[in-house]
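# Remarks on the overall topology
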Amino acid sequence: WFVANGHLQSKIAFQLSSTGKKDEASELMENVEASGSTLDHRTWASFIEGHCVAGDFDKASDCFKQMVEKEGVSSAGYAFHILVNAYCQKNRAIEACTLLVELLNIEQLKPWHITYKELISKLLVQGGFQNALSLLVLMKNQGFPSFVDPFIEYVSKSGTGDDAIN
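First, a word on scope: everything that follows refers to the structure included in this document. Please read these numbers as outputs of a predicted model, since none were measured by experiment.

### Regarding the environment of Ser 146
Within the fold, Ser 146 resides in the loop between helix H8 (129-141) and helix H9 (149-158). On the basis of relative accessibility, which here comes to 54%, the residue Ser 146 falls in the exposed class. Taking the C-alpha atoms as reference points, Ser 146 and Gln 126, separated by 20 residues in sequence, lie 20 Å from one another.

Rendered as C-alpha cells:
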C-alpha cells in the first residue's frame, strides 16, 4: 500500500478537485486517513483551490469546514485566503464576508491581515459597503490596524454623506 508524501498529495488533490473528480478526491482523502496519516494544511488548501478552479464553491467551502473540523483553525489562514480570493474573483465578495463572519464566530478563525484587506476592497467594488465596515471592527478586534484607504476612495467617488460619517 503506497502513501504519497505531502507534496505529491497536494498535487494529486489539486488535479482531482480542479477537474471535477469529486469522488476520486474524496477517495484520496479516505485512503490517506485509512493509512493512519492525516492531510497536511497544504493538501487541504490544494483540495480547496481545486474546487474553486472547478467553480464548485459549495464543495470548496465544505472542504474548508472539514479541514477546520479535523485540523483546527491554527493553520487555516492560507486555505481561507484562497477561498475568499476565489469568491471575490467571481463577484461573490458578500458571500465570502458571510462565510468569514460565520467561521470567526463559530470556530474563532483568525484570517490573515491581507485577507481582510482584499475582501474589504472587493466588497466596496461589489456594493457591500456595510459589510466592509463590519470587517473593520473585526480587524480591530484581532489587533490589525485599520484599513481605511479604500473607504476614502469609495466615499469620494460614490459615497453619501452618511457613508462618510460611518
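### A short note on helix H2 (residues 22-34)
Here H2 is 13 residues long and its end C-alpha atoms lie 18 Å apart, about the 18 Å a rise of 1.5 Å per residue gives. Among the residues of H2, Ala 25, Leu 28, Met 29 and Val 32 are the ones counted as buried. Viewed along the axis of H2, the buried residues span an arc of 95°, placing them on a single side of the element. Of the residues in H2, the exposed ones pointing more than 90 degrees away from the buried face are Asp 23, Glu 30 and Ala 34.

### Section: unusual backbone geometry
In this structure, Asn 91 is a non-glycine residue whose phi angle is positive, near 55°. Summarising the element assignment, Asn 91 is placed in the loop between helix H5 (77-89) and helix H6 (93-107). Look at Gln 108: it is not a glycine, yet its phi comes out positive at around 60°.

### Brief notes about the environment of Gly 128
Its place among the elements puts Gly 128 in the loop between helix H7 (113-125) and H8. A relative accessible area of 1% means that Gly 128 is categorised as buried. Through-space distance from the C-alpha of Gly 128 to that of Cys 97 is 9.2 Å; in sequence the pair is 31 residues apart.

### Concerning the pattern of salt bridges
Evaluation of the coordinates by the stated rule reveals four salt bridges. Residue Asp 40 is joined to Arg 42 by a salt bridge in which the shortest nitrogen-to-oxygen separation is 2.8 Å. The class for Arg 42 is partly exposed, based on a relative accessible area of 46%. Close ionic contact of Arg 92 with Glu 95 constitutes a salt bridge, the shortest N to O distance being 2.8 Å.

Calculation rules
Residues numbered from 1 in each chain as written. Predicted model: local features only at pLDDT ≥ 70, side-chain atom pairs only at ≥ 80, totals over all residues. Heavy atoms only, no water. Helix = DSSP H or I, 4+ residues; strand = E, 2+ residues; numbered from the N terminus. Buried < 20%, exposed > 50% of the residue type's maximum accessible area, 1.4 Å probe, protein only. Expected span 1.5 Å × (residues − 1). Arc of directions from axis to C-beta. Salt bridge = Lys/Arg side-chain N within 4 Å of Asp/Glu carboxyl O.

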